[in-house]
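Residue-level listing of the chains:
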Amino acid sequence: MSPSEIRLPDYRDFAPSVAARFDRIRTRPVILRIRDLKKSFGANGGTHVVFDRLSIDIHRREFICAVGPSGCGKSTFARIVAGLDEASAGEILLDGQPVAGPGPDRGMVFQGYTLFPWLTVRSNVMFGLLMSGKAESTAESEAREWLDMVGLSKFEHSYPHELSGGMKQRVAIARALANNPRILIMDEPFGALDAQTRAQMQHYLVQIWKKVDVTILFITHDLDEAAFLSDRILVMGANPGGVREFIENPVPRPRSAAQFISPEFLALKKRLEHHIHPPVEAEAAEKLSMIKLTEAGDEVE
Ligand SMILES: Nc1ncnc2c1ncn2[C@@H]1O[C@H](COP(=O)(O)OP(=O)(O)O)[C@@H](O)[C@H]1O
Ligand SMILES: [Mg+2]
């Protein structure tokens, strides 16, 4: 069965709120326009094509998740949008302007903790503000507001090593948002956190996104995470690399863990799973060499 044969429930039938939300999203301006993006590595134009002809439009304040198997080019894609890496071909327009190199209009949060260990939490958030020429007192009060937004006011004088992993990532989010980016690019930001903290961070992020005028491009290989967070999901594949599908998430908002067993959540996940982990066909399984290393009488069931 191909992924497209797994029918997603049509949200237009069962959830008018979802249909209305997508209608609203489509009327918003396109903030990020990507056309025929290609990335290859290797000498003379490259032998290893990571992805090719990647074209998408992302609307203002959309929450986009990009998923795909390890090595399919998710981080490469994120880095190119961030301006940290160069595309081999194609075009990226942010608010109509071509992206060339990093800029304050894009904030990044990575999986690894990237706070400056020698600076306090508040100074970490103030760093970009001071770099952009803001006065110390303005930077300080703005940093306080952002720390309040991520619920870490009490920790403004702490150092990163005194914080848990989840708290560090909340500071990283505050630091990225403090510069007022048009788009926040997050590359597996919760990948190193335990399951419970991760779920908590997903809730925090949705709350923050609701309050801030920012568009989010969130990279993950966790399908539950993508289904919980996203408006649309960009499914990337490997061998050959590229966009497999760009799916509208049919799960109504506001979302909660209770929806993880709803029919639309499960159908969405099943479809994503077919892209990411295609089922091993019985035929293929039969081809595996089955060397028996156990004795008769110790069969497993
Ligand atoms: N600097 C590089 N030089 C050569 N190949 C690279 C480089 N960076 C990434 N790649 C290759 O590009 C592919 C995509 O990598 P990456 O974007 O990190 O994937 P993902 O984040 O989806 O796991 C991989 O096959 C990787 O080996
Ligand atoms: Mg990666």
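This text goes with the structure placed above it.
Definitions and limits used
- Residues numbered from 1 in each chain as written.
- Chains lettered and ligands numbered in written order.
- Predicted model: local features only at pLDDT ≥ 70, side-chain atom pairs only at ≥ 80, totals over all residues.
- Helix = DSSP H or I, 4+ residues; strand = E, 2+ residues; numbered from the N terminus.
- Buried ≥ 20, exposed ≤ 12 C-beta atoms within 10 Å, placed from the backbone.
- Contact = placed C-beta atoms within 7 Å.
- Pairing = 2+ DSSP bridges.
- Axes fitted to C-alpha atoms, helices over the stretch in contact; angles between N-to-C directions.
- Near = placed C-beta within 6 Å.
- Expected span 1.5 Å × (residues − 1).
- Arc of directions from axis to C-beta.
- Parallel < 35°, antiparallel > 145°, perpendicular 65-115°, else oblique.
- Left-handed = near helix turned anticlockwise from the far one by under 90°.
- Nonpolar A, V, L, I, M, F, W, Y, C, P; charged D, E, K, R; others polar.

1. Here's the deal with the overall build of the protein
Right, on to step 1. Counting its secondary structure elements, the protein contains ten helices and ten strands.
Right, on to step 2. Per-residue burial over the protein gives 36% buried out of 301 residues.
Right, on to step 3. Counting only contacts in the protein whose residues sit at least 6 apart along the sequence, the fraction spanning at least 24 positions is 71%.

2. Concerning the sheet that holds strand 2 (residues 48-59)
Right, on to step 1. The four strands lie next to each other as 2-1-4-5, forming an open sheet whose pairing is antiparallel. The two strands at the open ends of the sheet, each matched to only one other strand, are strand 2 and strand 5 (97-98).
Right, on to step 2. Pairing analysis gives five bridges linking strand 1 (residues 30-41) to strand 4 (residues 89-94), with the strands arranged antiparallel. What sits directly across from Arg33, in strand 4, is Leu93.
Right, on to step 3. Here helix 3 (residues 74-82) sits on the sheet in contact with strand 1, strand 2 and strand 4, set at roughly 125 degrees to strand 1.

3. Some points on the site of ligand 1
Right, on to step 1. Taken together, the residues surrounding ligand 1 are Phe41, Val50, Gly68, Ser70, Gly71, Cys72, Gly73, Lys74, Ser75 and Thr76.
Right, on to step 2. With three residues, helix 3 is the single largest residue contributor to the shell around ligand 1.

4. Thoughts on the sheet that holds strand 10 (residues 242-248)
Right, on to step 1. Spatially, the six strands line up as an open sheet ordered 6-7-8-3-9-10, and their pairing is mixed. Looking at the sheet topology across the chains shown, the edges are occupied by strand 6 (106-110) and strand 10. Neighbour to neighbour, the strand axes of the sheet diverge by 15 degrees on average, direction disregarded.
Right, on to step 2. In terms of strand pairing, strand 6 meets strand 7 (residues 183-187) through five bridges, oriented parallel. Bridging from a neighbouring strand, Phe110 pairs with Asp187 of strand 7.
Right, on to step 3. In this fold helix 6 (residues 165-178) packs onto strand 6 and strand 7, with an angle of close to 170 degrees to the strand it touches most, strand 6.

5. Thoughts on unusual backbone geometry
Right, on to step 1. In this structure, the amide linkage connecting Arg253 to the following residue, Pro254, adopts the cis form with an omega of -5 degrees.
Right, on to step 2. In this structure, Pro254 sits in the loop between strand 10 and helix 9 (263-276).
Right, on to step 3. A positive phi angle, near 50 degrees, is found at Asp36, a position not held by glycine.
Right, on to step 4. Among the structural elements, Asp36 can be located in strand 1.
Right, on to step 5. For Asp36, a count of 12 C-beta atoms within 10 Å puts it in the exposed group.
Right, on to step 6. Of note, Asn180 is a non-glycine position whose phi angle comes to about 60 degrees, a positive value.

6. A look at helix 7 (residues 195-211)
Right, on to step 1. Taking 1.5 Å of rise per residue, 17 residues should cover 24 Å, and helix 7 covers 25 Å from first to last C-alpha, within 8% of that figure.
Right, on to step 2. When helix 7 is considered as a whole, its buried residues turn out to be Met201, Gln202, Leu205, Ile208 and Trp209. With its buried residues spanning 130 degrees around the axis, helix 7 presents them on a single face. Seen from the open side of helix 7, the exposed residues pointing more than 90 degrees away from its buried face are Gln196, Lys210 and Lys211.
Right, on to step 3. Residues of helix 7 that are buried in the fold lie against strand 3 (63-67), helix 5 (136-149), helix 6, strand 8 (215-219) and helix 8 (223-229).

7. So, the environment of Phe228
Right, on to step 1. On the secondary structure map, Phe228 appears in helix 8.
Right, on to step 2. In this structure the C-alpha to C-alpha distance between Phe228 and Ala257, which are 29 residues apart in sequence, comes to 8.2 Å.
Right, on to step 3. Non-local contacts of Phe228, meaning those with residues more than four positions away in its chain, are made with Gln202 and Arg255.

8. Examining helix 6
Right, on to step 1. Between its terminal C-alpha atoms helix 6 stretches 20 Å, which fits the 20 Å expected from 14 residues at 1.5 Å a residue.
Right, on to step 2. For helix 6, the tally of buried residues reaches eleven of 14 residues, placing the bulk of the element in the interior.
Right, on to step 3. Contact partners of the buried residues in helix 6: strand 6, helix 4 (121-131), helix 5, strand 7 and helix 7.
Right, on to step 4. One or two residues past the end of helix 6 sits Asn180, with phi positive at roughly 60 degrees.

9. Remarks on the pairing of strand 8
Right, on to step 1. Burial within strand 8 is extensive, with five of its five residues counted as buried.
Right, on to step 2. Along strand 8, one buried face is formed by Thr215, Leu217 and Ile219 and the opposite face, lined by Ile216 and Phe218, is buried too.
Right, on to step 3. Pairing between strand 7 and strand 8: five bridges, direction parallel. The residue bridging Asp187 from the neighbouring strand is Ile219, located in strand 8.

10. Examining the packing of helix 4 against helix 6
Right, on to step 1. Axis separation between helix 4 and helix 6 bottoms out at 8 Å; the angle between their running directions is 25 degrees. By the angle between their directions, the pair helix 4 and helix 6 is classed as roughly parallel. Of the two possible hands of crossing, helix 4 and helix 6 adopt the one that is right-handed. Along its contact with helix 4, which presents Val121, Asn124, Val125, Phe127, Gly128 and Leu129, the element helix 6 presents Val171, Ala174, Arg175 and Ala178.
Right, on to step 2. Class assignment of the residues belonging to the contact of helix 4 with helix 6 gives a composition of seven nonpolar, two polar and one charged.

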